[in-house]
Amino acid sequence: TVGAQEFKGDLYIALGSMIAKWDETNDVLDAVDFQGTVLTDIIAYEGDGTARLYVARGGSAFRYSSNGTTWSSHAGTGLHPVGNLWARGRNSTGGYALFKGIKESASAGNGGISLSVDPTNATGWGTRIRVGDNDRDVTKLHLLGDLVLVGKEDGLFYYQRVWPGTATAAESFIDAAPELNL
């Protein structure tokens, strides 16, 4: 199990390559979809006005659904559709964005974080932001309030939206505790 997510009043769970929905009436998990590859994270996000459920599929293109039963693949190319982990937090303009973690081991030379306010758009993902050492994996994305924390093998990093004392967008990750090994 990689996670559970409330979506439109129901609880969805990513289990291996299956997405299941909790049936409250019969106290059972119902399989709603098989993704064909191991799922690495699940999250609900509403950036363009439409609530969608997103599943990360390791080094494969992520998929999304607006109803929990019908799934679409991201139409982008390159790194746009790849993501291992999700978090929802504020971007440099103060609005909410979906943060996508890309593990170095899943996409050699391309590990890091990317943000989007419209994740289904083929070109909706921002340039990848490097976090920490290039040869270390992102192991988890955490949320503290609306602040995104990135756990890596080489430390804990937090997203700095603006440079301190200014309104200038920073869009960088700061090492919060260099001595930690996550």
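Going by the structure above, here's the rest.
Cut-offs applied
Residues numbered from 1 in each chain as written. Predicted model: local features only at pLDDT ≥ 70, side-chain atom pairs only at ≥ 80, totals over all residues. Heavy atoms only, no water. Helix = DSSP H or I, 4+ residues; strand = E, 2+ residues; numbered from the N terminus. Buried < 20%, exposed > 50% of the residue type's maximum accessible area, 1.4 Å probe, protein only. Contact = heavy atoms within 4.5 Å. Areas by Shrake-Rupley, 256 points an atom, 1.4 Å probe, with all protein chains shown as cover. Pairing = 2+ DSSP bridges. Axes fitted to C-alpha atoms, helices over the stretch in contact; angles between N-to-C directions. Phe/Tyr/Trp six-rings, centres within 6.5 Å; stacked < 30°, edge-to-face > 60°. Salt bridge = Lys/Arg side-chain N within 4 Å of Asp/Glu carboxyl O. Core = buried A, V, L, I, M, F, W, Y, C linked by side-chain atoms within 4.5 Å.

K.L.:
Please clarify how the overall build of the chain should be interpreted in this entry.
P.N.:
When helices and strands are tallied, the chain shows zero helices and 15 strands. Buried positions account for 44% of the 182 residues belonging to the chain. Put simply, of all contacts in the chain between residues at least 6 apart along the chain, 37% involve residues at least 24 apart. Carbon and sulfur atoms make up 49% of the accessible area of the chain, which totals about 8,500 Å².

K.L.:
Quick question: what am I supposed to make of the sheet that holds strand β11 (residues 112-116) here?
P.N.:
Pairing within the open sheet is antiparallel, and its three strands lie in the order β9-β10-β11. Two strands bound the open sheet, and with one partner strand each, they are β9 (85-90) and β11. The mean angle between the axes of side-by-side strands here comes to 30°, regardless of whether they run parallel or antiparallel.

K.L.:
Would you take a moment to explain the packing of aromatic side chains for this structure?
P.N.:
To describe a pair of aromatic rings, one takes the distance between the centres and the angle between the planes. Applying the stated rule across the entire model yields eight aromatic pairs. Look at F62 and W86: their rings are 5.3 Å apart centre to centre, the planes differ by 85°, and that puts the pair in the edge-to-face class. Taken together, the residues F62 in strand β7 (residues 60-65) and W86 in strand β9 connect sequence positions 24 residues apart. Residue F62 shares its accessibility class with W86, and that shared class is buried. Taken together through their ring pairs, the aromatic side chains of Y54, F62, Y64, W86 and W125 make up a single cluster.

K.L.:
Help me understand unusual backbone geometry in this model?
P.N.:
Trans peptide bonds make up most of the peptide bonds, and negative phi angles are found at most residues other than glycine. The phi angle at K8 is positive, at roughly 55°, despite the residue not being glycine. As for its position among the elements, K8 is in the loop between β1 (3-7) and β2 (10-15). With a relative accessible area of 55%, K8 lands in the exposed category.

K.L.:
How should I be thinking about the pattern of salt bridges in this particular structure?
P.N.:
Charged atoms that come close allow side chains of opposite charge to pair. Enumeration according to the criterion identifies two salt bridges in this entry. Put simply, D33 and R63 hold a salt bridge, and the shortest N to O gap is 4.0 Å. A residue pair is termed long-range when its members are at least 10 positions apart, and D33 in strand β4 (residues 28-34) and R63 in strand β7 qualify at 30 residues. In terms of burial, D33 and R63 fall into one category: buried.

K.L.:
Please explain the nonpolar core as it appears in this structure.
P.N.:
Soluble globular proteins: nonpolar side chains tend toward being buried together. In this structure, F99, I113, L115, L141, V150, Y159 and F173 are the most contacted members of the largest nonpolar core, which totals 15 residues. If you list the elements that add at least two residues to this core, you get β9, β10 (96-102), β11, β12 (138-144), β13 (147-152) and β14 (155-162). Core analysis: the second largest hydrophobic core is formed by 10 residues, Y12, A14, L39 and A44 among them.

K.L.:
Help me understand the pairing of β13, please; the structure alone is not making it clear to me.
P.N.:
A regular strand places its side chains on the two faces of the sheet in alternate fashion. Among the six residues that make up β13, five are buried, leaving the element largely enclosed by the rest of the structure. Pairing of β12 with β13, which is carried by six bridges, proceeds in the antiparallel orientation. Its bridge partner lying in β13, H142 is registered against L149. Linkage of β12 to β13, two consecutive antiparallel strands, is achieved through a turn of two residues, within which G145 is found at a positive phi near 65°. Strand direction decides the pairing type here: β13 and β14, joined by four bridges, are antiparallel. Following the sheet pairing, G151 is matched in β14 by L156. The loop that links β13 with its antiparallel partner β14 comprises two residues.

K.L.:
How do you make sense of the sheet that holds strand β3 (residues 18-23) when you look at a structure like this?
P.N.:
An order of β1-β2-β3-β4 is seen for the four strands of this open sheet, with the pairing classed as antiparallel. Looking at strand neighbours, the two that pair on one side only are β1 and β4, the edges of this open sheet. The mean inter-strand angle of the sheet, taken between neighbouring strand axes irrespective of direction, is 30°. Two elements, β1 and β2, share five bridges in a ladder whose sense is antiparallel. Within β2, the position partnered with A4 by the bridge is I13.

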